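Take a look at the letters that make up each chain.
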Amino acid sequence: MTEAQIPGPDRPRAARERLIVALDFQDADAALAMVDRLGEEVTWYKVGMELFYAEGGQLLHALRGRGKRVFLDLKLHDIPNTMAMAVRSLSRLPVELCTLHIPAGSEALRACAAEVRRIAETRGPAIGLLGVTRLTSLSPPDVSDPWRDVVSLAGQAMACGIYGWIAPAAAAPLLRGAHGPCPALVCPGIRLPEGAKQDQVTVGTPEEAVRGGADWIVVGRPVTRAEDPSAAAREIVRRLV
Ligand code: C5P
């Protein structure tokens, strides 16, 4: 299947469009206060389980109402029919990117990919599905070949017609080398060289991620817990140019 046939948003060209800020907050008030504070500096936001389970779709509509673009990071992992129907339900919300766990299996991935294709054919723009390779908080299962699992899971997702991958920045050049430029690549676990790793094991800088072939980077605490979040976002975007 060619890239053009796989539904999902256009890949970003401008540096500012490459930054996705993770809104890891407990409630909509705190999250939207951060969004308003960041203003024009940030277009894309990632909403994860913490916030979505508390606030639901209303928060996503509030983001869309502010002209923001939404990556919903729910990391779906279930039987094929349940995952495909979850994708169908999420497609009613203003969501452009959404995650699922690749180890859910090829049948589940294909069912989800078929569902977004069906939506794209009948209703227009559909969600871009991102397969989670390995969480950046986990150590490699095989230290003698630390990226083997990530490269192989990425290949499995690609063969199933998934729009892109989530992977640590350090794996980006290997993924591009093994599987080429077509699938979108989103890298979390981003830190500035002097920044604390917190609970992340595999971290990379914004420059490393983009040089390695990432389309988007996901940054949470280095922006949202910074003394000056706008300045932190600006500094990250500057490094993406
Ligand atoms: O605060 P920090 O920059 O570490 O946040 C990273 C965000 O990216 C979190 O919301 C986390 O859930 C998410 N994420 C990740 N590793 C993955 C997939 C998502 O850290 N493989």
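### Here we look at the sheet that holds strand β5 (residues 128-132)
On the basis of which strands lie adjacent, the closed barrel formed by eight strands has the order β1-β2-β3-β4-β5-β6-β7-β8 and parallel pairing. Averaged over all pairs of adjacent strands, the angle between strand axes in this sheet comes to 25°, irrespective of strand direction. Along the sheet, helix α4 (residues 57-65) makes contact with β2 (44-48) and β3 (69-76), crossing β2 at roughly 175°. The sheet contacts of helix α11 (residues 229-240) involve β1 (19-22) and β8 (216-219), and relative to β1 the element is tilted by about 150°.

### Focus: the site of the ligand
Every one of the 17 residues lining the ligand counts as a neighbour, but D24, K46, T136, R191 and R221 are closest to it. The side chain of R191 places a nitrogen or oxygen atom 2.7 Å from an oxygen atom of the ligand. A distance of 2.8 Å separates an oxygen atom of the ligand from a polar backbone atom of G220. Protein contact buries 88% of the 470 Å² of open area that the ligand shows by itself. If you list the elements that add at least two residues to the shell around the ligand, you get β3, β8 and α10 (221-224). A per-class count over the shell around the ligand returns seven nonpolar, three polar and seven charged.

### Focus: the pairing of β1
Both faces of β1 are covered, namely the face carrying L19 and V21 and the face carrying I20 and A22. Pairing analysis gives three bridges linking β1 to β8, with the strands arranged parallel. In the strand pairing of β8, V21 is matched with V219. Across three bridges, the pairing between β1 and β2 is parallel. Of the residues in β2, the one forming a bridge with I20 is W44. In terms of handedness, the path from β1 via helix α2 (residues 28-38) over to β2 forms a crossover that is right-handed.

### Things to note about the nonpolar core
Core analysis: the biggest nonpolar cluster contains 68 residues, and L19, L23, L63 and L175 have the highest contact counts within it. If we skip the residues at most four places from it in the chain, L23 touches A31, M34, V35, Y45, K46, L51 and L63. Formed by 14 residues, the second largest nonpolar core is a distinct cluster that contains L130, Y163, A184 and V218.

### Points about the pairing of strand β7 (residues 184-187)
The alternating pattern of β7 places A184 and V186 on one face and L185 and C187 on the opposite face, and all of these are buried. In the sheet, strand β6 (residues 164-166) pairs with β7 via three bridges, with the strands oriented parallel. The residue bridging I166 from the neighbouring strand is V186, located in β7. Regarding topology, helix α8 (residues 172-179) serves as the crossover connection from β6 to the parallel β7, and that connection is right-handed. Tracing the backbone out of β7, into helix α9 (residues 206-211) and back to the parallel element β8 gives a crossover that is right-handed.

### Structural notes on unusual backbone geometry
Of note in the backbone geometry, K75 takes a positive phi value of approximately 45° without being a glycine. Looking at the element boundaries, K75 is found in strand β3. When its relative accessible area of 21% is taken as the criterion, K75 is described as partly exposed. Here Q198, not a glycine, exhibits a phi torsion of approximately 50°, which is positive. Locating Q198 in the fold gives a position in the loop between β7 and α9.

Criteria and cut-off values
- Residues numbered from 1 in each chain as written.
- Predicted model: local features only at pLDDT ≥ 70, side-chain atom pairs only at ≥ 80, totals over all residues.
- Heavy atoms only, no water.
- Pairing = 2+ DSSP bridges.
- Helix = DSSP H or I, 4+ residues; strand = E, 2+ residues; numbered from the N terminus.
- Axes fitted to C-alpha atoms, helices over the stretch in contact; angles between N-to-C directions.
- Contact = heavy atoms within 4.5 Å.
- Near = heavy atom within 4 Å.
- Polar contact = N/O pair within 3.5 Å; in protein donor to acceptor, adjacent residues only side chain to side chain.
- Areas by Shrake-Rupley, 256 points an atom, 1.4 Å probe, with all protein chains shown as cover.
- Nonpolar A, V, L, I, M, F, W, Y, C, P; charged D, E, K, R; others polar.
- Buried < 20%, exposed > 50% of the residue type's maximum accessible area, 1.4 Å probe, protein only.
- Right-handed = clockwise from strand over helix to strand, strands pointing away.
- Core = buried A, V, L, I, M, F, W, Y, C linked by side-chain atoms within 4.5 Å.

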